[in-house]
Amino acid sequence: MTALQIILWVAVPYAAISVFIVGHIWRYRYDKFGWTTRSSQTYENRLLRWGSPMFHLGILMVIAGHAVGLLIPREWLYAVGVNEEIYHFGATTLGSFAAALTLAGLAILIYRRRTVGPVFLATTVMDKVMYVFLAAALGFGTAATVVYQVFGGGFHYRETISPWIRSILIFQPDVTLMEGVPLLFQLHVLSAWALFALWPFTRLVHVFSAPIGYLFRPYIVYRSRDANREPAPRAADGTRCSSPTRSDCAACRAQLRVTNRTGTVR
Amino acid sequence: MRVMAQMSMIMNLDKCIGCHTCSVTCKQAWTNRTGVEYVWFNNVETRPGVGYPRGYEDQEKWGGGWVRTKRGRLKLRSGGRLAKLSRIFSNPKLPGIHDYYEPWTYDYDMLINAPRTAHTPVARPKSLLTGEDMKISWSANWDDNLGGSLETMQDDPILTKMSEEVQAEFEKAFMFYLPRICEHCLNPSCVASCPSGAMYKREEDGIVLVDQDQCRGWRMCVSGCPYKKVYFNHRTGKAEKCTFCYPRIEVGLPTVCSETCVGRLRYLGLVLYDADRVSEAASVEDDKALLQAQRDIILDPHDPAVIEGARAGGIPEDWIEAAQRSPIWKLMQYEVALPLHPEYRTMPMVWYIPPLSPVVDVVTGSGNDGEDARTLFAAIDKLRIPIGYLAELFTAGDVAPVDASLRRLAAMRSYMRGVSIDDVRDERIANAVGMTGTEIEEMYRLLAIAKYEERYVIPSAHTEQAHALEEMACSLDFEGGPGMGGAGPFGSSSGPSVPVAVENFHILADRQTADRPSTPGRVNLLNWDGNGDADGLFPPTGMTEVRTPGKPGKRKEDG
Ligand code: HEM
Ligand code: SF4
Ligand code: SF4
């Protein structure tokens with residue numbers, strides 16, 4: 001157990017998880033207004049129409065696959081009849097399909113971001129950083145799968161990486177499990193942690209707002225005028241706006257930003 | 001019976017001169033910000049015409065509003081909950097920005113700072129989306145006053161429903177203006193389409209709003225609204241819409257568009273309706289029965305049972321009294337006001353008095369007396385073109401209610417001419433349209449000479465604060481506000497002292513790339529470009545410190 005190992009396989013994961021959790025709480029409390037997909041569909045739809053569904057469908061499959069492969073101990077799967085062959089076959093075929101879909105979608109999305117004028121102009125630095133790490137995590141992951149699972153003899157990550165992840169999650173990190181894990185897998189894991197640390201500060205926060213509740217609520221929503229009352233901002237002369245429900249007023253949201261900048265509001 | 005109150009508007013189209021004052025004042029108040037340059041909460045379109053966004057009435061294409069299923073239930077036209085979620089990654093019905101128009105500004109800087117040249121410098125139009133030079137080829141009212149309408153008329157979804165002969169004739173026959181805001185529907189399909197539940201109808205006054213903090217930018221509301229009155233702010237990634245100027249309404253002031261309307265043709269007031277019967281009314285089988293169904297759920301504020309129900313529903317006394325004085329209720333009673341596109345089944349609550357003027361103009365033009373009741377009645381019948389067109393707009397194609405409304409308006413003209421010129425009160429004219437002379441005179445008063453307090457009957461909101469407050473921060477006219485011609489907070493979304501009216505290209509370009517915190521003392525890291533420290537990320541070091549506002553950018557000060 002070297003210091004480097006401890007840094008890479010204990011410190012980095014816990015740091016990333018902490019930033020991930022604290023970051024989301026911070027972002028949610030202080031920047032609800034910035035919490036959105038920031039859809040760029042109004043600018044361009046020809047490429048997005050393909051890229052976005054492909055990418056999203058793919059990535060949701062990838063996430064589901066990771067949940068099964070990493071979080072569920074293989075003994076449990078054996079118990080329900082999923083033996084090593086079935087798992088390997090399923091993981092490799094479905095995984096490759098999902099990876100191809102995701103990467104193709106991602107390629108379209110990145111190409112679109114770069115080449116479509118309005119979309120490029122609306123791309124923030126955080127978007128770019130996010131795409132670098134997203135592409136890295138996906139790229140290394142796919143490369144590792146292709147090299148070891150599809151063409152190689154198959155690397156048994158369910159004996160190494162998976163228990164290591166679970167050891168992290170139950171606060172009993174076992175660094176030795178990561179010894180001997182191939183470099184491509186290591187890079188995949190590390191870029192994923194970086195992505196998690198960045199997550200709360202990017203548009204990826206939209207993932208946590210996936211609107212599942214829509215399926216269960218009545219169509220028409222009524223809310224009382226006083227429901228989301230919050231103190232209105234003060235105007236320059238110290239008077240308050242009469243309306244208690246400021247969060248409904250986009251113009252006021254914009255005003256909040258401005259008064260903040262000019263420092264007239266204290 | 002569950003009695004609820006709805007703040008509504010009626011516009012008298014005969015009086016609209018198409019001056020766009022309402023649109024401009026609304027824009028100055030609410031959408032003079034980056035991201036919503038292309039957005040007009042209030043727009044005025046010339047009909048026949050394609051409207052804004054182009055051809056929005058073609059629901060086959062845009063999929064807005066509701067449809068009735070075979071089993072008699074209401075379904076969102078573009079699909080229910082699961083269908084919506086399955087299309088969330090890319091919304092197939094979302095209008096692109098070019099369906100509205102590409103927003104632009106001019107490179108005014110050129111006019112002042114251009115180097116000496118042989119030719120006068122020109123301020124070129126620059127796209128606000130790309131920053132590139134652009135050719136302006138469409139806007140929110142490009143076909144104003146039928147301009148270019150021979151080229152675009154085949155795109156008017158209403159006209160395409162009518163016969164070709166009508167199409168060819170329309171330019172000779174008629175033209176009128178249709179000012180539009182959000183309808184603040186009783187059965188809003190925008191609210192029903194919002195996956196995150198950020199949109200809602202206010203219990204107290206029925207105003208439909210988007211909670212900016214809960215909107216997640218799924219942009220389903222934009223396609224869900226058949227009137228295309230929810231807009232996507234392409235900078236903030238949130239939906240925005242007409243708020244019925246609720247900060248003004250709450251303190252008893254009319255909306256900005258009403259207040260500033262040159263023709264004084266807008267009426268504001270409450271109506272009481274039976275919330276329990278809304279979906280029943282919205283799902284009647286025949287499209288043409290929708291108008292009557294909607295009229296039926298609107299309750300008589302003088303009926304003791306209704307008053308009882310209103311009290312039980314927590315509606316305060318002064319609101320009930322306001323509903324009784326409401327000009328909206330009266331105009332609905334006279335059956336001269338009609339909803340816009342009831343066939344969308346959203347139960348819209350901004351109604352219109354259809355224009356009689358095309359008929360009068362044609363009659364007068366043909367050398368007849370345009371105010372004689374009999375010629376007018378006959379002409380209304382004969383002029384199938386406008387009436388059919390109006391029926392497609394206001395009654396799902398049923399000409400009878402439009403005919404009835406126009407007849408009452410025609411009768412009012414003739415009757416009142418009798419009163420003022422010949423000093424006779426001809427009851428026969430009134431009776432011919434099922435009214436009494438007194439009723440006609442009351443209606444005339446409301447339509448022709450009603451003063452401010454009669455046109456706008458707005459009870460103020462019952463919030464503890466409301467009484468003590470003057471309408472300040474949200475109106476146009478606080479110090480330095482846009483209404484004062486200064487640099488107002490509404491004018492821009494970042495950086496102070498940007499002259500509101502001066503849309504300098506470079507300022508805008510800077511603004512678009514600048515970082516800006518979204519909430520006070522807080523920072524929106526999404527927009528932080530990584531240079532320096534993000535504003536508001538750290539507390540100020542000293543109380544006396546003067547914050548440098550925004551990024552100075554490339555802006556050139558003259559002087
Ligand atoms: C769980 C449900 C999810 C939903 C409902 C969802 C929905 C959306 C929507 C509506 C957009 C805006 C597309 C547009 O109009 O421009 C978007 C963009 C995006 N989403 Fe998701 N998303 C989900 C999950 C994810 C996940 C798991 C990831 C990746 C880890 C992801 C990554 C992205 C990225 C990178 C974009 C930006 C695409 C671009 O414009 O370049 N999403 N998402
Ligand atoms: S008109 Fe207004 S309330 Fe009605 S569906 Fe459209 S946005 Fe919603
Ligand atoms: S201000 Fe009044 S008259 Fe002028 S366009 Fe608007 S509604 Fe018509």
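Predicted model only: the values in this text are computed from it and were never measured.

### Remarks on the overall build of chain B
Now for step 1: On a plain count of helices and strands, chain B comes out with 25 helices and 15 strands.
Now for step 2: Taken over 559 residues, chain B has a buried fraction of 60%.
Now for step 3: Restricting to contacts in chain B with at least 6 residues of sequence separation, those with at least 24 account for 69%.

### A few points about the site of ligand 1
Now for step 1: Of all residues adjacent to ligand 1, which total 25 residues, the nearest are S39, H56, Y131 and H206 of chain A together with R219 of chain B.
Now for step 2: A distance of 2.7 Å separates a nitrogen atom of ligand 1 from a polar atom in the side chain of H56 of chain A.
Now for step 3: Here Y131 of chain A contributes a side-chain N or O atom positioned 2.3 Å from an oxygen atom of ligand 1.
Now for step 4: Of all the elements in the fold, those that place two or more residues in the shell around ligand 1 are α2 (48–71), α4 (84–115) and α6 (125–151) of chain A.
Now for step 5: The greatest single-element share of the shell around ligand 1, amounting to six residues, is contributed by α2 of chain A.
Now for step 6: Of the residues contributing to the shell around ligand 1, the split by class is 15 nonpolar, six polar and four charged.

### Quick notes on the pattern of salt bridges
Residues and elements named next belong to chain B.
Now for step 1: All chains considered together, the criterion is met by 34 salt bridges over all chains.
Now for step 2: Ionic pairing is found between E45 and R180, a salt bridge with its closest N-O pair at 3.2 Å. Separated by 135 residues along the polypeptide, E45 in strand β2 (residues 43–47) and R180 in strand β7 (residues 176–180) bring together distant segments of the chain.
Now for step 3: Put simply, D133 and K126 hold a salt bridge, and the shortest N to O gap is 3.2 Å.
Now for step 4: Judged by relative accessible area, which is 15%, K126 ranks as buried.

### Some words on the packing of aromatic side chains
Now for step 1: The full count for this structure, using the stated rule, is 29 aromatic pairs over all chains.
Now for step 2: The interplanar angle of 70° and the centroid separation of 4.9 Å between the aromatic rings of Y38 of chain B and Y100 of chain B together place this pair among those described as edge-to-face. Here Y100 of chain B lies in helix α4 (residues 97–100) and Y38 of chain B lies in the loop between α1 (21–30) and β2, a separation of 62 residues in the sequence.
Now for step 3: Taking the relative accessible area as the measure of exposure, Y38 of chain B reaches 1% and is therefore buried.
Now for step 4: Residue class for Y100 of chain B comes out buried when judged on its relative accessible area of 1%.
Now for step 5: The ring of W40 of chain B has K27 of chain B lying over it, and the distance from NZ or CZ to the ring centre is 5.0 Å.
Now for step 6: One residue, R81 of chain B, lies across the ring of Y219 of chain A, its end atom 4.0 Å from the ring centre.

### Description of unusual backbone geometry
Only a minority of non-glycine residues have a phi that is not negative, and only a minority of peptide bonds are not trans.
Now for step 1: Along the chain, R47 of chain B connects to P48 of chain B via a cis peptide bond; the corresponding omega equals -5°.
Now for step 2: Structurally, P48 of chain B is set in the loop between β2 and α2 (59–62).
Now for step 3: The step from Y52 of chain B to P53 of chain B runs through a cis peptide bond, and the omega angle for that step is -5°.
Now for step 4: Looking at where P53 of chain B falls in the secondary structure, it is placed in the loop between β2 and α2.
Now for step 5: Positive phi values are uncommon outside glycine, yet R38 of chain A reaches one of about 50°.
Now for step 6: At R345 of chain B, a position not held by glycine, the phi torsion is positive, near 60°.

About the criteria used
- The numbers attached to residues start from 1 for each chain and follow its sequence in the written order.
- Chain letters start at A and ligand numbers start at 1, both assigned in the order the entries are written.
- Given that this is a predicted model, residues contribute local features only at a pLDDT of at least 70 and side-chain atom pairs are listed and counted only at 80 or more, while totals for whole chains, interfaces and linings are drawn from all residues.
- Side-chain numbers come from the whole structure's heavy atoms, not from hydrogens or water.
- The helix and strand labels rest on DSSP assignments: H or I over at least four residues marks a helix, E over at least two residues marks a strand, and numbering proceeds from the N terminus.
- When accessible area is computed with a 1.4 Å probe and restricted to protein chains, residues below 20% of their type maximum are described as buried, those above 50% as exposed, and intermediate ones as partly exposed.
- Should any heavy atoms of two residues lie within 4.5 Å, those residues are counted as being in contact.
- Neighbouring residues are identified by heavy atoms, a residue being near a molecule or strand if any of them is within 4 Å of it.
- We define a polar contact as two N or O atoms separated by no more than 3.5 Å, with the added condition that, inside protein, one atom must be a possible hydrogen donor and the other a possible acceptor, whereas residues neighbouring each other in sequence contribute only through side-chain atom pairs.
- Note on residue classes: Ala, Val, Leu, Ile, Met, Phe, Trp, Tyr, Cys and Pro are nonpolar, Asp, Glu, Lys and Arg are charged, and everything else, Gly too, is polar.
- Salt bridges, as used here, are contacts in which a Lys or Arg side-chain nitrogen is within 4 Å of a carboxyl oxygen on Asp or Glu.
- Aromatic contacts are taken between Phe, Tyr and Trp rings whose centres are within 6.5 Å, Trp giving its six-membered ring; a plane angle under 30 degrees counts as stacked, one over 60 as edge-to-face, and the others as tilted.
- Geometrically, a lysine NZ or arginine CZ counts as sitting over a ring once it is within 6 Å of the ring centre and also within 35 degrees of the ring normal.

In short, geometric facts, not functional conclusions.
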